Each structure stands twice: as C-alpha cells, then as structure tokens.
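The chain contents come next:
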Amino acid sequence: MLPYKRIVILALLFFSSCYTDCRKTYEVEIKKELIQGIVMGKFINYDKHGSPTIKLKDSQGDIEEYIPMCFYNLYEAVQQYDSLCKPSGSLEYRIYRKDTVIKLYPVIDGDTLR
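Here is a short report on the structure shown in this document. Note that the coordinates shown come from a computational prediction; the quantities given were computed from them, not determined experimentally. (Residues numbered from 1 in each chain as written. Predicted model: local features only at pLDDT ≥ 70, side-chain atom pairs only at ≥ 80, totals over all residues. Heavy atoms only, no water.)

Brief notes about the overall build of the chain
Working step 1: A count of helical and extended segments in the chain gives two helices and eight strands.
Working step 2: Of the regular secondary structure in the chain, the N- to C-terminal order runs α-β-β-β-α-β-β-β-β-β.
Working step 3: Across the 114 residues in the chain, those meeting the buried criterion constitute 31%.
Working step 4: Partitioning the intrachain contacts of the chain with sequence separation of at least 6 by distance along the chain shows that 42% fall at a separation of at least 24.
Working step 5: For the chain, the accessible surface area stands at approximately 7900 Å², while carbon and sulfur atoms represent 56% of it. (Helix = DSSP H or I, 4+ residues; strand = E, 2+ residues; numbered from the N terminus. Buried < 20%, exposed > 50% of the residue type's maximum accessible area, 1.4 Å probe, protein only. Contact = heavy atoms within 4.5 Å. Areas by Shrake-Rupley, 256 points an atom, 1.4 Å probe, with all protein chains shown as cover.)

Dropping the structure here:
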C-alpha cells in the first residue's frame with residue numbers, strides 16, 4: 001500500500017508543477033503577440049483541430065488568420081468589421097466598435113490574466 005501512496009503524491013506534485021509552468025508559458029507567449037487589424041470574419045477551423053479562428057486584415061491589406069491562444073471570449077466577442085488590437089507586452093485585447101471599446105483579458109483555467 002505504501003508504494004501507491006508515493007506514486008499518488010509524485011503524480012500530484014508533477015501535475016501541479018505542470019499547471020504552474022503551462023500558465024506561465026501561456027502568459028509569456030500571449031504578451032509577445034502584436035495584433036492589429038480589422039475583423040473580416042470568424043470560423044471554426046477544422047483543419048486545425050476545430051480551433052476558433054479570426055480572419056484579420058492588416059494595415060497593408062493582407063488577410064491573416066489568428067487563433068486565440070487560450071480563451072474563447074475574444075472569439076465570441078468580435079464581430080465582422082470590428083477593429084482588434086493587442087499591443088506587444090500587454091495582456092489586454094481591445095475591440096473597437098462604433099462608439100464602443102471592449103477590453104478583454106485571457107482566461108486560463110478560470111483565472112483571468114492581467
């Protein structure tokens with residue numbers, strides 16, 4: 001019985017450290033992103049495992065696909081022709097709509113990153 005307890009304790013320690021590391025990795029990666037563009041549409045990309053995808057038109061007129069890394073409230077909140085902005089080094093996403101600015105932050109495992 002004693003070896004099973006050790007295995008359970010080791011597994012708990014491993015998974016708790018993984019949770020902390022994964023959260024920090026997401027936070028670092030999201031901060032690196034620079035996003036600026038006009039939302040041209042959104043769709044579920046089944047070629048990329050059913051990922052919610054936003055089509056953005058940048059200032060040069062190029063269309064690119066953006067997959068929100070870890071939260072879906074951004075995908076749900078944007079509408080066609082919204083302006084989407086996230087400065088590099090920040091966790092704040094801004095959606096500019098006529099007479100409205102919506103600010104969103106990523107949510108990882110129920111925790112909002114700010």
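What to know about the nonpolar core
Working step 1: Ranked by size, the top nonpolar core spans 18 residues in total, and within it Ile54, Leu74 and Leu84 carry the most contacts.
Working step 2: At the level of secondary structure, the elements contributing two or more residues to this core comprise strand E1 (35-45), strand E2 (51-57), helix H2 (73-77) and strand E5 (93-97).
Working step 3: A per-element tally of this core places H2 first, with three residues.
Working step 4: Beyond its immediate chain neighbours, meaning those up to four positions away, Leu74 contacts Ile54, Tyr66, Pro68, Leu84, Tyr93, Ile95 and Leu104. (Core = buried A, V, L, I, M, F, W, Y, C linked by side-chain atoms within 4.5 Å.)

A closer look at the sheet that holds E5
In a beta sheet, neighbouring strands pair by backbone hydrogen bonds and run either parallel or antiparallel.
Working step 1: Pairing in this open sheet of six strands is antiparallel, and the strands run E3-E2-E1-E4-E5-E6 from one edge to the other. Pairing within the sheet leaves two strands with one partner each, and these edge strands are strand E3 (63-66) and strand E6 (100-104). Averaged over all neighbouring strand pairs, the angle between strand axes comes to 35°, with direction disregarded.
Working step 2: Across five bridges, E5 lies against E6 in antiparallel orientation. What sits directly across from Arg94, in E6, is Lys103. (Pairing = 2+ DSSP bridges. Axes fitted to C-alpha atoms, helices over the stretch in contact; angles between N-to-C directions.)

So, the side chain of Glu33
Working step 1: Position of Glu33 relative to the elements: it lies in the loop between helix H1 (2-32) and E1.
Working step 2: Buried and unpaired, Glu33 has no salt bridge, with Lys86 as the nearest side chain of opposite charge at 5.3 Å.
Working step 3: A polar contact is formed between the side chain of Glu33 and the side chain of Tyr93, at a distance of 3.1 Å.
Working step 4: Excluding its chain neighbours within four sequence positions, the residues that come into contact with Glu33 are Tyr66, Met69, Lys86, Pro87, Ser88 and Tyr93. (Lys, Arg positive; Asp, Glu negative; His and termini not counted. Salt bridge = Lys/Arg side-chain N within 4 Å of Asp/Glu carboxyl O. Polar contact = N/O pair within 3.5 Å; in protein donor to acceptor, adjacent residues only side chain to side chain.)

Notes on the side chain of Asp82
Working step 1: Residue position: Asp82 is located in the loop between H2 and strand E4 (83-86).
Working step 2: Among the residues examined, Asp82 registers a relative accessible area of 3% and is labelled buried.
Working step 3: Excluding residues within four positions of it along the chain, Asp82 makes contact with Gly37, Ile38, Val39, Ala77, Ile95, Tyr96 and Arg97.

Looking at the environment of Ser59
Working step 1: With respect to the secondary-structure elements, Ser59 resides in the loop between E2 and E3.
Working step 2: As a C-alpha pair, Ser59 and Gln36 span 23 residues in sequence and 8.0 Å in three-dimensional space.
Working step 3: Of note is the side chain of Ser59, whose polar atom sits 3.2 Å from the side chain of Gln60.

Details of unusual backbone geometry
Working step 1: Within the chain, His49 stands out as a residue other than glycine whose phi angle is a positive 60°.
Working step 2: In this structure, His49 sits in the loop between E1 and E2.

Observations regarding the packing of aromatic side chains
Working step 1: Tallied over the full model, the rule gives zero aromatic pairs.
Working step 2: Sitting over the face of the ring of Tyr75, Lys42 holds its NZ or CZ atom 5.0 Å from the ring centroid. (Phe/Tyr/Trp six-rings, centres within 6.5 Å; stacked < 30°, edge-to-face > 60°. Lys NZ or Arg CZ within 6 Å of the ring centre and 35° of its normal.)

So far we have only geometry, and geometry alone does not tell us how the molecule works.
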